[in-house]
Amino acid sequence: MLLSLFFLCLSFCYTRVTSANAPSTEKAPTSTNPDVAVEFLKKGYEVMFKAFHLVDRAYSLIENQNCGSTTATANVLEGIVESIERLETTILESNRQVRNLTDKLENLERTVSVKLGELESAMKTGLENCNCSSGKHNLKLEEQALLIADVGEKVRSLENLVDNKTSRIGEMVDMSITLSEKAVEIGSAVHRRQQTWLSEVRLISFFKMTGENNAHGSRDYNPGLVVDGQFVFTYPHETGMRTYSHTASGSADNKIWINLGGLFRVYRIGVWNTREASKPRFSGTNIYVDESLVGTAGGDWGYHDFTLPKGKAVYGSRVTLHQPRSDYLILLEVQVWGNGPYNSTDLFN
């Protein structure tokens, strides 16, 4: 009975091992590491060795009849069956790993072969293109070299031009400095002369052109007599020695003016009035230098002085005596003191 059971187990093991070696239709594992397959095979041999050891032990038990009961024999057989199942699993996994690894290696070999062919073709094409373009490349290099040489020549020409311009500019700067120094020197000289002229205050009305707006019928009373330098104060008229200006009537706004002949700076105006009964007629007369009011006559005086304040610069080309009220304008002499003439853009305060 025991011997029959043992051979039945051996038959079962043989059937399982044979089916393990048969080709499998299951999907192979994804791992392709050869070390994994070797490890599986190693474990398979260890299990197989253990199975053979258990079989030998079973034979020994049968031959020596040391089996005390069928339970011990059943335990031995169960261990054999378990070992054979492990061996089956190990061999199956090893076969799958080896097949998968072989397929991967074949695919890799085909891929490498294709890539090597493509690389060889690309190298041939590149070599042909290099041979074809080498001539053009050399021509381009020669053209670029000529262009660079031409640019260099132009740069040197520009450098020479810049040097010449710089030299000319330096000369012009030196000349400008010289001219500026001379201009400053001339300007200083002119300024000194002008200061000298300003210091000279002289009579600028003597024998200048005159006029009036209400002329007397007799030439003996023309306004030019106020700038002739004559001072005769005697009376009566019949002496014929007294010269004075006399308007035609005593209407309002009588005027007598003196044209200085240029633009002058006026410092002082002196007016000599008659010294008889007509002396009060001059009171209230306004004195102008162009449009600037210098002063107004006040009181019955034989002489009126209109001196401008120091520092007040008054420029003009005409001095006007204006009597706004209705009265005669009778004058012996008018003197204007100043300096000039000046340009309208060259005035001093």
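Residues numbered from 1 in each chain as written. Predicted model: local features only at pLDDT ≥ 70, side-chain atom pairs only at ≥ 80, totals over all residues. Heavy atoms only, no water.

1. Brief notes about the overall build of the protein chain
Along its length, the protein chain carries three helices and ten strands. In sequence order, the secondary structure elements of the protein chain are arranged as α-α-α-β-β-β-β-β-β-β-β-β-β. Counting only residues that meet the buried cut, the protein chain has 27% of its 349 residues in that class. A separation of at least 24 residues holds for 81% of the contacts in the protein chain among residues at least 6 apart in sequence. Carbon and sulfur atoms make up 58% of the accessible area of the protein chain, which amounts to about 22,900 Å² in all. (Helix = DSSP H or I, 4+ residues; strand = E, 2+ residues; numbered from the N terminus. Buried < 20%, exposed > 50% of the residue type's maximum accessible area, 1.4 Å probe, protein only. Contact = heavy atoms within 4.5 Å. Areas by Shrake-Rupley, 256 points an atom, 1.4 Å probe, with all protein chains shown as cover.)

2. Things to note about the nonpolar core
If you look at the biggest cluster of nonpolar residues, it comprises 23 residues, and the most contacted ones within it are Ile 269 and Val 334. Breaking this core down by element, the ones donating at least two residues are strand E4 (254–272), strand E5 (286–289), strand E8 (314–323) and strand E10 (333–339). Here this core gets seven residues from one element, more than from any other, and that element is E4. If sequence neighbours within four positions are ignored, Val 334 has contacts with Ser 205, Val 226, Val 227, Ile 258, Ile 269, Gly 270, Val 271 and Leu 321. (Core = buried A, V, L, I, M, F, W, Y, C linked by side-chain atoms within 4.5 Å.)

3. Describing a nonpolar patch on the surface
Residues Leu 108, Val 112, Leu 116, Leu 119 and Met 123 make up a contiguous nonpolar surface patch of about 490 Å² in total accessible area. For Val 112, the position within the fold is in helix H3 (residues 70–199). (Patch = residues over 30% accessible without salt bridge, like charges linked within 9 Å, V, L, I, M, F, W, Y side chains within 5 Å. Salt bridge = Lys/Arg side-chain N within 4 Å of Asp/Glu carboxyl O.)

4. Focus on unusual backbone geometry
Across the junction of Gly 340 and Pro 341, the peptide omega takes the value 5 degrees, indicating a cis bond. Here Pro 341 shows up in the segment after E10. Backbone geometry at Asp 253 places phi at a positive 65 degrees, although glycine is not the residue there. Looking at where Asp 253 falls in the secondary structure, it is placed in the loop between strand E3 (245–246) and E4.

5. A short note on the packing of aromatic side chains
Within a pair of aromatic rings, the relevant descriptors are the distance that separates the centres and the angle that separates the planes. The tally for this structure, following the rule as stated, stands at four aromatic pairs. A ring pair is formed by Phe 206 and Phe 207, whose centres lie 4.1 Å apart and whose planes are at 45 degrees; its orientation type is tilted. Taking relative accessible area as the criterion, Phe 207 reaches 56% and is therefore assigned exposed. Both rings, one in Tyr 315 and one in Tyr 342, keep their centres 5.7 Å apart while their planes meet at 80 degrees; by these two values the pair is edge-to-face. Taken together, the residues Tyr 315 in strand E8 and Tyr 342 in the segment after E10 connect sequence positions 27 residues apart. Side by side, Tyr 315 and Tyr 342 carry an identical accessibility label, which is buried. (Phe/Tyr/Trp six-rings, centres within 6.5 Å; stacked < 30°, edge-to-face > 60°.)

6. A few points about the pairing of E4
Judged from the four bridges that link them, strand E2 (residues 209–212) and E4 form a sheet pairing that is antiparallel. What sits directly across from Thr 210, in E4, is Ile 258. Note: E4 against E8, nine bridges, orientation antiparallel. Looking across to E8, one finds that Arg 265 is bridged to Tyr 315. Inspection of the sheet shows E4 paired to E10 by seven bridges, in the antiparallel sense. Of the residues in E10, the one forming a bridge with Val 266 is Gly 338. By the bridge criterion, five bridges tie E4 to strand E7 (residues 303–307) in an arrangement that is antiparallel. (Pairing = 2+ DSSP bridges.)

7. Some details on the pattern of salt bridges
Under the criterion given, the structure shown has three salt bridges. Across the pair Asp 327 and Arg 281 runs a salt bridge, and its minimum N-O distance is 2.6 Å. Taken as a pair, Asp 327 in the loop between E8 and strand E9 (330–331) and Arg 281 in the loop between E4 and E5 lie far apart in primary sequence, 46 residues in all. Relative accessible area serves as the criterion here: at 28%, Arg 281 is assigned to the partly exposed category. In this structure, Arg 325 engages Asp 327 in a salt bridge whose closest nitrogen and oxygen atoms are separated by 3.3 Å. Residue Asp 327 is classed as buried on the basis of its relative accessible area, which comes to 11%. When salt bridges that share partners are traced, they join Arg 281, Arg 325 and Asp 327 into one network.

8. Details of the side chain of His 322
Tracing the chain through its elements places His 322 in strand E8. Residue His 322 is classed as buried on the basis of its relative accessible area, which comes to 13%. A polar contact is formed between the side chain of His 322 and the side chain of Asp 253, at a distance of 2.9 Å. Residue contacts for His 322: discarding those within four places in its chain leaves Asp 253, Asn 254, Lys 255, Gly 284, Thr 285, Asn 286 and Tyr 288. (Polar contact = N/O pair within 3.5 Å; in protein donor to acceptor, adjacent residues only side chain to side chain.)

9. Digging into the side chain of Ser 245
If you trace the backbone, Ser 245 turns up in strand E3. Residue Ser 245 is classed as buried on the basis of its relative accessible area of 0%. Apart from the residues lying within four places of it in its own chain, the contact partners of Ser 245 are Glu 212, Tyr 221, Asn 222, Pro 223, Val 226, Ile 256, Leu 329, Ile 330 and Leu 331.

10. Topic: the confidence of the model for the protein chain
Per-chain confidence: the protein chain averages 76 in pLDDT, with 66% of residues scoring 70 or above. E5 holds the highest mean pLDDT among the elements of the protein chain, 98, whereas helix H1 (residues 2–21) holds the lowest, 45. Low confidence marks residues 1–32, where pLDDT is under 50. Its contacts with residues over four positions away, or in another chain, come to 42 contacts. (pLDDT = per-residue confidence, 0-100.)

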